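The residues making up each chain are set out below.
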Amino acid sequence: MLFVLLAPFVIAVLAPMVRQLTGSFTGWVLALLPASLFVYFCQFIEPVGSGEVLRFSTEWIPSAGINLSFYVDGLSLLFALLISGIGTFIVLYAAAYLKRHADLGRFLMFILMFMGSMLGLVLSDNVVTLFVFWELTSITSFLLIGFNHDKAKSRRAAVQALAVTGGGGLALLAGLLLMAHVGGSMELSELLAQGDLFKENPLYLSILILVLAGAFTKSAQAPFHFWLPNAMEAPTPVSAFLHSATMVKAGVYLLARMNPGLGGTEIWQVLLVVFGGATFLIGSFLALRNTDLKLILAQTTVASLGLLVLLIGLGHDKAIQAAMAYLLAHALFKGALFMAAGSVDHGTGTRDVSKLSGLARAMPLTAAASLIAALSMSGLPPFFGFIAKEFAYKASLDGPWTLEVTSVLVIGNALLFAAAFLVGAKPFFGSPGETPKQPKEGSVSLWLGPIVLSVLGLIAGPGNDIADSYFVGPAASAVRGGAMEVDLYLWGGIELPLALSAATIALGALVFAVSSSLRRALNSLFGKVWGPDQGYDQFMDGLMGLARALTGVLQTGSLRRYLLISFGIVAAALIAPTLVLGEALERPIIPPADFYIWGVGVLTVIGGLAIVLARSRLVAILSTGVLGLAVAFVFLLFGAPDLAFTQLMVETLSVVILALVIMRLPVDGKDWRGAPRALRDIPIAATIGVAVTVLLFSITSQPLDLTLSEYFAERSYTEAYGRNIVNVILVDFRALDTFGEIAVVVIAGVAVLGLLAAGSRRTESEAERRP
Amino acid sequence: MEDAFAMVVGVLFALSVYLLLSGSIMRLVLGIFVLSNATHLLIFVAGRLTLEEPPLIPDMMKVAEPGFANPLPQALILTAIVISFSLFAFLLVLAYRAYQTLGTVDTDEMRYAEPEQSLTSLRGRDV
Amino acid sequence: MNSLILRTATPFLVGLTVLFSIYVLLRGHNEPGGGFIGGLMGASAFATYAIAEGVSATRRALVVPPISIAGFGLFAAGVSGLMSIAFGDAFLTGQWWFPDFNPDLKYISTVVLFDIGVYLVVVGAIVGIICALEEDG
């Protein structure tokens, strides 16, 4: 399994090379990868359908409980099949769509990487692995949305998507770690099997809010829905893949996955139904405000995601069935519609719905695919979308909040009905309109995907027995956290859901008929209303302003200011804990010690003072010698002959180097700051000194853990054959540290030589320039 | 003994900070010198002081007799001394080169990377 | 520096100090000493030489550029670490041989090679810095 998940990343790196080698066949060659992944996942259909759950685990960081563990159940399998199946057509489509683009290889690389991340996300069992893949999808989608990086709008959309989904990802990480903390495991399968553990924990609300923040940002729920339409700046294959069937569904996947552990409480129901319902309505209204094919599709995607969240929030069996059926239906029709919209754009040069008409003759296959997909989206029988919508009505009628939820569904579905016809039917009928390019059908790669996906949506309607027992059923069971019988059907008798469907269609047809005047009305009403998209800009501007203000205060260019701030904070950090914890450090003013020990200490202080008070360079240099020798004496006194010798040698060499350099500087060694500045600096210096002393007082009053020292002392001779423990630590026990340190010494040496060489070169060249 | 040297270390830290804040590049360098010595002593004292018992294993014995000085801080300080010496040499040369290039030994006048001008514009809103 | 006493004494002083520094280096495993201390002693010997006889004489005496000595020392330390990998141990695990053909020679070990590397790094880097500073003025 690990190998299977690594394959997309490996092949992705090779993609630019494959493009060089295979030229116009790139798409077909690279599509083999998702196709074979699809076939690989197909082998699980049978066992998972019969209720089996497969786990694969490889150790990664076992000490932290982080493993590369993967989990195949109905839910993850449904997603994996959608990702690899649609991925196959997307790769084909992208290679044809961007055939002449110089960076097609890079584009396919990102697409394959994204596919690998998405597969990892839906298959992960370990929470950390899940998070890693979750963030990888955010990063790869950033790269894909910003693919046209020379356009400012693309860059903004890419950064926005990354900021929103990445920010949510961080919240999710916190939520997942809290879950792991509460549940005592890093594996989702174990966490979620613990029943009501989370719901009864006092941390439940925090966990819920953090996880929902992750899911809602990723799945573009209001008020975070704004990034998804902006992400339409990406090339169409990206929109068709990421923004219909895969990435934006990651949030829905997460909610469905968490349902057994976190779902079913009142707060869960309220939050999901309210946010999902709001998103559903906002998305479907906004869809009708636009004329750009892709924007309409993006807004309907927002709406569909809202519907899915709402259904998962309702949480009873029928709602879950409906959610899984709708998930499948939506992936099929939305993928097809996006690709078809791209083909229209490719063929005609415009995506403006008001300019497009009568394309059916010129682009028959695209037209057929669009129409079939639109019929499924609008929820007409016998398409699979109809079944999904019927079941959604059945679920809403089962409550809670029957009346409110059902009316939201009817209004939203009616608007989606109109949007579906606007995108999938209107461009192809009527008399041919004027377009920038003469419309013509694209190559087989461009229409194969839409046709296959939309036809699948058609045959899944009558063939719902296969759909429910192999896909929707196992997925719904996984979401519920226990086996669930699912029986989808087209004809449920003349009952309320059918009546609601009929009402939806009637209302939808009406909306479609008045869609252009409705659009004008909506635009004049809400044209200048503040939205979260502006909010994002204001937030970012505020952030930059804050950064500028802080930089202005902190980054003054004055070294003394920097040091003052740093030392002030250090002093506060050292002293504050002692004051807060109230550790009374009552010590005698002159701590008891033998007179010769005090003598050495006083000598050290005299050396330091002499440096400060020195009035000439020579005295200062000699004073450093005094200080260094005194410190060497301290080392010798307290049983550290190695240190004493080292200190002695370093002292000698320091004086030599100091003398070499300082004698060339035009300084007299006197302190040139006046009394006012000295008066300001002395308290800071004194505070630091007191803070360090207090720190040492409290350190030495604590018991010392000698485990490590004793470990070294015991093994120094018996295992490392050395009697000088200090040296054995340096060259054997901790040799890697020493290795790093001698590397630093070499680097310092090289840096000094480089600095001096640069200096002499500079003076030479200056000398040459002067006459 | 530790308390006495805790005070010595505190005084050394105070002296080094006072030197660092002086604004003269030469005193800055001297401040670094005092600071590194003070830090070595800080680690040394934190690892406890033991009089005249180096951590050596006597001949004919396999482990040291109890009461020897703590070897771990000594190993840390030994490398720290050498490293801070290399850093000190580098810093000296850097100061020297800074003087050669910028023609001043006053750190407040060393504004090659952050000229006054850029700061005033930073404080304004229109950057 | 033009001091007759210094110039006369330097050759002996330097020779003895270098010899002593090597002794300190090699005994370091069992008694106070080791690569760092030995290296610093060696470096101060050459520093004395550079002050008394001049930089170019020092460079001639060292044959190779000092910074190359430092680089070689780092390389030697790295090699001593890599040897353990050939025996299936982690990087820088000490390896020991106890040859019986020479009773005086107690053992050969990668640890000694590592310490020699440290010695060379310290000597090379410091002598390099001092020579460069002397020349620059």
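Residues numbered from 1 in each chain as written. Chains lettered and ligands numbered in written order. Predicted model: local features only at pLDDT ≥ 70, side-chain atom pairs only at ≥ 80, totals over all residues. Heavy atoms only, no water.

### Looking at the overall build of chain B
Item 1. When its secondary structure is counted, chain B shows four helices and zero strands.
Item 2. The helix and strand sequence of chain B, counted from the amino end, reads α-α-α-α.
Item 3. Every one of the 127 residues in chain B was classed for burial, and the buried ones make up 59%.
Item 4. Here the contacts in chain B between residues at least 6 apart in sequence split such that 52% fall between residues at least 24 apart.
Item 5. When the accessible surface of chain B is totalled, it reaches about 4900 Å², and 62% of it is carbon and sulfur. (Helix = DSSP H or I, 4+ residues; strand = E, 2+ residues; numbered from the N terminus. Buried < 20%, exposed > 50% of the residue type's maximum accessible area, 1.4 Å probe, protein only. Contact = heavy atoms within 4.5 Å. Areas by Shrake-Rupley, 256 points an atom, 1.4 Å probe, with all protein chains shown as cover.)

### Some remarks on the overall build of chain A
Item 1. Looking only at helices and strands, chain A features 32 helices and two strands.
Item 2. Relative to a compact globule of 771 residues, whose C-alpha radius of gyration would be 28 Å, chain A shows 35 Å and is clearly more extended.
Item 3. In terms of overall dimensions, chain A has C-alpha extents of about 105 × 75 × 55 Å along its principal axes.
Item 4. Long-range pairs, those at least 24 residues apart, make up 78% of the contacts in chain A between residues at least 6 apart in sequence. (Rg over C-alpha atoms; globule rule 2.2 N^0.38 Å.)

### Brief notes about the interface of chain A and chain C
Item 1. Each side of the interface is counted separately: chain A has 37 residues, and chain C has 42 residues.
Item 2. Here chain A meets chain C over a buried area of about 3500 Å², counting both sides, of which 80% is carbon and sulfur.
Item 3. Between the two partners, chain A and chain C, sit zero salt bridges.
Item 4. Counting across the chain A and chain C interface gives five residue pairs in polar contact (both at pLDDT 80 or more).
Item 5. Every element with two or more residues in the side of chain A that touches chain C is listed here: α28 (641-662), α31 (725-733) and α32 (735-769) of chain A.
Item 6. For the side of chain A that touches chain C, the element with the most residues is α32(A), which contributes 14 residues. (Buried area = accessible area lost by both parts, 1.4 Å probe. Salt bridge = Lys/Arg side-chain N within 4 Å of Asp/Glu carboxyl O. Polar contact = N/O pair within 3.5 Å; in protein donor to acceptor, adjacent residues only side chain to side chain.)

### Topic: the interface of chain B and chain A
How big an interface is tends to be expressed through the accessible area that disappears when the partners come together.
Item 1. With 93 residues of chain B in contact, the opposing surface of chain A contributes 108 residues.
Item 2. Both sides together, the interface formed by chain B and chain A hides about 9200 Å², and carbon and sulfur atoms give 75% of it.
Item 3. Three residues stand out in chain B for area buried against chain A, namely Y18(B), L21(B) and M26(B), and they jointly supply 8% of the buried area on that side.
Item 4. Scanning the region where chain B abuts chain A turns up zero salt bridges.
Item 5. The interface formed by chain B and chain A includes 11 residue pairs in polar contact (both at pLDDT 80 or more).
Item 6. Those elements that provide at least two residues to the side of chain B that touches chain A are α1 (2-20), α2 (25-46), α3 (71-102) and α4 (116-123) of chain B.
Item 7. Among the elements that line the side of chain B that touches chain A, the one with the most residues is α3(B), at 23 residues.
Item 8. A class-by-class count of the residues in the side of chain B that touches chain A yields 62 nonpolar, 16 polar and 15 charged. (Nonpolar A, V, L, I, M, F, W, Y, C, P; charged D, E, K, R; others polar.)

### A few points about the pairing of strand β1 (residues 54-61) of chain A
All names here are of chain A.
Item 1. Pairing of β1 with strand β2 (residues 66-72) involves seven bridges; the strand directions are antiparallel. Opposite E59, over in β2, you have N67 as the bridge partner.
Item 2. Remark: four residues form the turn of the hairpin made by β1 and β2, two consecutive strands paired antiparallel; G65 in that turn has positive phi of roughly 75°. (Pairing = 2+ DSSP bridges.)

### Concerning the nonpolar core
Item 1. Grouped together as the largest cluster of nonpolar side chains are 186 residues, with contacts concentrated most on F41(A), M179(A), W227(A), L262(A), M324(A) and F384(A).
Item 2. Tallying contributions element by element places helix α16 (residues 317-348) of chain A first for this core, with 19 residues.
Item 3. Listed in part, the 133 residues of the second largest apolar core include L15(B), L30(B), F36(C) and L92(C). (Core = buried A, V, L, I, M, F, W, Y, C linked by side-chain atoms within 4.5 Å.)

### Here we look at the packing of aromatic side chains
Residue and element names in this part refer to chain A.
Item 1. Taken as a whole, this structure holds 24 aromatic pairs over all chains when the rule is applied.
Item 2. With 6.4 Å between their ring centres and 45° between their planes, F41 and F44 make a pair best called tilted. Take F41 and F44: they sit in the same class, and that class is buried.
Item 3. For the pair F107 and F147, a centre-to-centre distance of 4.9 Å together with 65° between the ring planes defines the contact as edge-to-face. Placement of F107 in helix α5 (residues 104-123) and of F147 in the loop between α6 (127-145) and α7 (152-183) is noted, with a sequence separation of 40 residues between them.
Item 4. These aromatic residues form a ring-pair network of at least three members: Y40, F41, F44 and F56.
Item 5. For K218, the ring lying beneath its charged end belongs to W134, and the centroid distance is 5.0 Å.
Item 6. Above the face of the F391 ring, K394 is positioned so that its terminal group lies 4.4 Å from the ring centre. (Phe/Tyr/Trp six-rings, centres within 6.5 Å; stacked < 30°, edge-to-face > 60°. Lys NZ or Arg CZ within 6 Å of the ring centre and 35° of its normal.)

### Side note on the packing of α28(A) against α2(B)
Item 1. Close contact between α28(A) and α2(B) brings their axes to 12 Å; oriented N to C, the two are set at 175°. Compared by their axis directions, α28(A) and α2(B) come out roughly antiparallel. Residues L643(A), Q647(A), E651(A), S654(A), L658(A) and I662(A) of α28(A) form the contact with α2(B), whose own contacting residues are M26(B), L30(B), F33(B), N37(B) and F44(B). (Axes fitted to C-alpha atoms, helices over the stretch in contact; angles between N-to-C directions. Parallel < 35°, antiparallel > 145°, perpendicular 65-115°, else oblique.)

### A look at the pattern of salt bridges
Residues and elements named next belong to chain A.
Item 1. One pass over the structure, following the stated rule, counts 19 salt bridges over all chains.
Item 2. The partner of K199 in a salt bridge is D196, and the shortest N-O contact between them spans 3.3 Å.
Item 3. Here K199 falls in the partly exposed class, since its relative accessible area comes to 24%.
Item 4. For D196, a relative accessible area of 42% gives the class partly exposed.
Item 5. The residue D398 makes a salt bridge to K318 at a minimum N-O spacing of 3.4 Å. Of this pair, D398 sits in the loop between α18 (384-397) and α19 (402-424) while K318 is found in helix α16, placing the two residues 80 residues apart along the sequence.
Item 6. Sharing partners across several salt bridges, the network here consists of R55, D125 and E187.

### Quick notes on the confidence of the model for chain B
Residues and elements named next belong to chain B.
Item 1. Of all residues in chain B, 88% attain a pLDDT of 70 or more, and the chain-wide mean is 81.
Item 2. Least confident of the elements in chain B is α4, whose mean pLDDT is 55; most confident is α2, at 91.
Item 3. Every residue in residues 123-127 is under pLDDT 50, and counting partners more than four places away or in other chains gives seven contacts.
Item 4. Listed scores for the predicted complex are pTM 0.71 and ipTM 0.91. (pLDDT = per-residue confidence, 0-100.)

### Some remarks on helix α4 (residues 74-97) of chain A
Residue and element names in this part refer to chain A.
Item 1. In a regular helix each residue adds 1.5 Å, so 24 residues correspond to 34 Å; α4 covers 33 Å between its end C-alpha atoms and thus fits that length.
Item 2. Of all the bends found along α4, the most pronounced is centred on G87 and spans about 25°.
Item 3. Of all the 24 residues making up α4, 24 are buried; the element is thus mostly covered by neighbouring parts of the structure. (Expected span 1.5 Å × (residues − 1). Bend = angle between axes of the 7 residues up to and from the residue.)

### Remarks on the side chain of S698(A)
Residue and element names in this part refer to chain A.
Item 1. Position of S698 among the secondary structure elements: in helix α29 (residues 675-701).
Item 2. Exposure remark for S698: the relative accessible area of 16% places this residue in the buried category.
Item 3. One polar contact links the side chain of S698 to the main-chain carbonyl oxygen of L695, over a distance of 3.0 Å.

### Notes on the layout of surface pockets
Residue and element names in this part refer to chain A.
Item 1. A volume near 850 Å³ is recorded for the largest pocket.
Item 2. In terms of lining, the largest pocket is formed by 29 residues, of which the most central are P229, L286, R289, Q299 and D533.
Item 3. Every element with two or more residues in the lining of the largest pocket is listed here: α7, α11 (227-230), α14 (266-289), α15 (293-314), α23 (515-526) and α24 (532-554).
Item 4. Top contributing element to the lining of the largest pocket by residue count: α14, with five residues.
Item 5. Along the lines of polarity and charge, the residues of the lining of the largest pocket split into 14 nonpolar, eight polar and seven charged.
Item 6. By volume, the second largest pocket is sized at about 720 Å³.
Item 7. Forming the walls of the second largest pocket are 41 residues, and the residues nearest its centre are S477, A478, G481, G482 and A483.
Item 8. Put simply, the parts of the chain that give the lining of the second largest pocket at least two residues each are α3 (45-49), α8 (188-192), α13 (249-262), α14, α15, α16 and α21 (464-480).
Item 9. Sort the elements by how many residues they give to the lining of the second largest pocket and α21 lands first, with seven residues.
Item 10. Class assignment of the residues belonging to the lining of the second largest pocket gives a composition of 15 nonpolar, 18 polar and eight charged. (1 Å grid on protein atoms, 1.4 Å probe; cavity = no way out; pocket = protein on both sides within 12 Å on 5 of 7 lines; lining within 4 Å. Points joined across faces, edges and corners; volume = space filled by probe spheres on them.)

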